[in-house]
Amino acid sequence: MAEEIKKIMFTVRKPPHGSIYVYEGLEVKLIMAAYDADISVVFMDDGVYALKQGQDTKELGIKGFAATYGALMDYEIQKVYVDRHSMEIRGMTEDDLLIIGEDEETEEPVKPQVIDSQAIAAMMAEQHNILSF
Amino acid sequence: MKIAVCIYEGPYNHEASDSAYNFIKAAIDKGHEIQGIFFYHDGVYNVTKLMEPPQDDRHIANRWSALGATGIDIVVCIAAAKRRGIVDDVLVPNVRISGLGQLTMMTIQADRMVVFGD
């Protein structure tokens, strides 16, 4: 009998720069997406800054990785969410979010889906396991 | 219950390694099975034999090695290790370097993935 596909959620709660957690956490997502698992990614708290478009790390002297988020859908990571409250209290709107791929049918650019904390809680309750970065 | 553990922080600098170790010992005592232990981020520094702490302190790498000797699979992420100069030659016995696929399998197969770190 085929194993049931497990739901695995990643939460991104730290700012993208200042530590390596978010960058190395992205590497985990890209690898895990190649396996048979139902992957979702939720950006919340300072993690929402990782999705800000127009990031430039040149002055930091480090390799930026925001461009890789633009290919999330190419890596078969379709379920990408942002916590509305975390975004709003940081003065960000949906317009600030970078594009994570394009719709297969319409070829329209796709942004992460902005959802409420309650919806995130409900999704968390359904997960087999959650990894936080 | 099958439990997997992932450790994000380096030894001594942060309590994550100690907490994870104590958690694992307690879980085993309660009859749980440890699916595997995965070191990521600076966690890869936990299992280098080059560490030489003062003699009256705990030896974190040897402690992990002893746990590995009981048959628990202890894996160091190769990508995180290479970035930080951790290679096979500097590892204590009973741990191995492998890829993030191992973390994936632990996450899928374990009933619980418990993460220690900031």
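Up top you'll find the structure we're talking about.
All residue numbers refer to position in the chain's written sequence, counted from 1. Written order decides the labels, with chains lettered from A and ligands numbered from 1. Given that the model is predicted, a residue must reach a pLDDT of at least 70 before its local features are reported, and side-chain atom pairs must reach 80 or more before they are shown or counted; all residues, however, enter totals for whole chains, interfaces and linings. Side-chain calculation: all heavy atoms of the structure are included, whereas hydrogens and water are not.

For the side chain of Arg63(B), give the residues involved together with the corresponding values.
Note on conventions: DSSP H or I runs of at least 4 residues are helices, E runs of at least 2 residues are strands, and numbering of each starts at the N terminus. By the element assignment, Arg63(B) lies in helix α2 (residues 60–69). Between two residues, a contact is recorded if the distance between any of their heavy atoms is within 4.5 Å. If sequence neighbours within four positions are ignored, Arg63(B) has contacts with Ser17(B), Asp18(B), Tyr21(B) and Arg58(B).

Would you mind going over the interface of chain A and chain B in detail, with residue names and values included?
The interface is formed by 21 residues belonging to chain A together with 21 residues belonging to chain B. Carbon and sulfur atoms make up 58% of the area that chain A and chain B hide from each other, which totals about 1800 Å². For this document, the term salt bridge refers to a Lys or Arg side-chain nitrogen within 4 Å of an Asp or Glu carboxyl oxygen. Arg84(B) is paired through a salt bridge with Glu24(A); the nearest N and O atoms lie 2.9 Å apart. We define a polar contact as two N or O atoms separated by no more than 3.5 Å, with the added condition that, inside protein, one atom must be a possible hydrogen donor and the other a possible acceptor, whereas residues neighbouring each other in sequence contribute only through side-chain atom pairs. There are 15 residue pairs in polar contact (both at pLDDT 80 or more) connecting chain A and chain B. Within the residue set of the side of chain A that touches chain B, elements represented by two or more residues are β1 (6–12), α1 (21–32) and β7 (129–132) of chain A. Element by element, the count of residues in the side of chain A that touches chain B is highest for α1(A), at eight residues. Of the residues in the side of chain A that touches chain B, the class split is 12 nonpolar, four polar and five charged. Buried area is calculated as the accessible area (1.4 Å probe) missing from two parts once they are joined, with the contributions of both summed. When residues are grouped by polarity, Ala, Val, Leu, Ile, Met, Phe, Trp, Tyr, Cys and Pro land in nonpolar, Asp, Glu, Lys and Arg in charged, and all others, Gly among them, in polar.

Now, about α1(A): what can you tell me, with residues and values included?
Helices are assigned an expected span. That span is 1.5 Å times one less than the residue count. Under the 1.5 Å per step criterion, the end-to-end length of α1(A) is 16 Å for 12 residues, consistent within 8% with the ideal 16 Å. Most of α1(A) is tucked away, with 11 of its 12 residues classed as buried. Throughout, exposure labels follow a simple rule: accessible area from a 1.4 Å probe, protein chains only, divided by the maximum for the residue type, with under 20% read as buried, over 50% as exposed, and the rest as partly exposed. The complete set of buried residues in α1(A) reads Tyr21(A), Val22(A), Tyr23(A), Glu24(A), Gly25(A), Leu26(A), Glu27(A), Val28(A), Lys29(A), Leu30(A) and Met32(A). Where α1(A) is buried, its residues meet β1, β2 (37–43), α2 (66–69) and β7 of chain A together with α3 (78–83) and α4 (100–109) of chain B.

Can you lay out unusual backbone geometry for me, pointing to particular residues and giving the numbers?
A positive phi angle is found at Asp45(A), which is not glycine, with a value near 50 degrees. Position of Asp45(A) among the secondary structure elements: in the loop between β2 and α2. One non-glycine residue, Asn94(B), lies in the positive phi region at around 75 degrees. Position of Asn94(B) among the secondary structure elements: in the loop between α3 and β4 (96–98).

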